[in-house]
Amino acid sequence: MELQEAIRTRRSIRQFTDTPVPHDLLEQVVALAAWAPSWKNTQISRYIAVETPRTAGRHL
């Protein structure tokens, strides 16, 4: 997918399924997110992926 196509076809999702996201896909998303620019290039981003429903309701 080209960048222009991704921008033009972007959608907001407000309803989700209970289908779990495969662990290897989560790893790919986090690895790609690390390439995103940060404010003032400070590189202070933190990523938390919750993979178990039991943990999802807890606050950090």
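Let me begin by describing the structure that accompanies this report. As the structure is a prediction and not an experimental result, all values here were calculated from the model. (Residues numbered from 1 in each chain as written. Predicted model: local features only at pLDDT ≥ 70, side-chain atom pairs only at ≥ 80, totals over all residues. Heavy atoms only, no water.)

**Some remarks on the overall build of the protein**
- Counting its secondary structure elements, the protein contains three helices and zero strands.
- Secondary structure elements of the protein, listed N to C terminal, follow the sequence α-α-α.
- Taken across its 60 residues, the protein has 2% of its residues classed as buried.
- Within the structure as shown, the protein displays about 6600 Å² of accessible surface, and the carbon and sulfur contribution to it stands at 57%. (Helix = DSSP H or I, 4+ residues; strand = E, 2+ residues; numbered from the N terminus. Buried < 20%, exposed > 50% of the residue type's maximum accessible area, 1.4 Å probe, protein only. Areas by Shrake-Rupley, 256 points an atom, 1.4 Å probe, with all protein chains shown as cover.)

**Re a nonpolar patch on the surface**
- Taken together, Val21, Leu25 and Val29 make up a surface patch of nonpolar side chains, about 240 Å² in accessible area.
- Relative to the elements of secondary structure, Leu25 occurs in helix H2 (residues 23–33). (Patch = residues over 30% accessible without salt bridge, like charges linked within 9 Å, V, L, I, M, F, W, Y side chains within 5 Å. Salt bridge = Lys/Arg side-chain N within 4 Å of Asp/Glu carboxyl O.)

**With respect to the layout of surface pockets**
- Empty space within the largest pocket amounts to approximately 290 Å³.
- Together, 11 residues line the largest pocket, and Thr19, Pro20, Val21, Val50 and Glu51 are the ones closest to its centre.
- Across the lining of the largest pocket, the residue classes break down as six nonpolar, three polar and two charged. (1 Å grid on protein atoms, 1.4 Å probe; cavity = no way out; pocket = protein on both sides within 12 Å on 5 of 7 lines; lining within 4 Å. Points joined across faces, edges and corners; volume = space filled by probe spheres on them. Nonpolar A, V, L, I, M, F, W, Y, C, P; charged D, E, K, R; others polar.)

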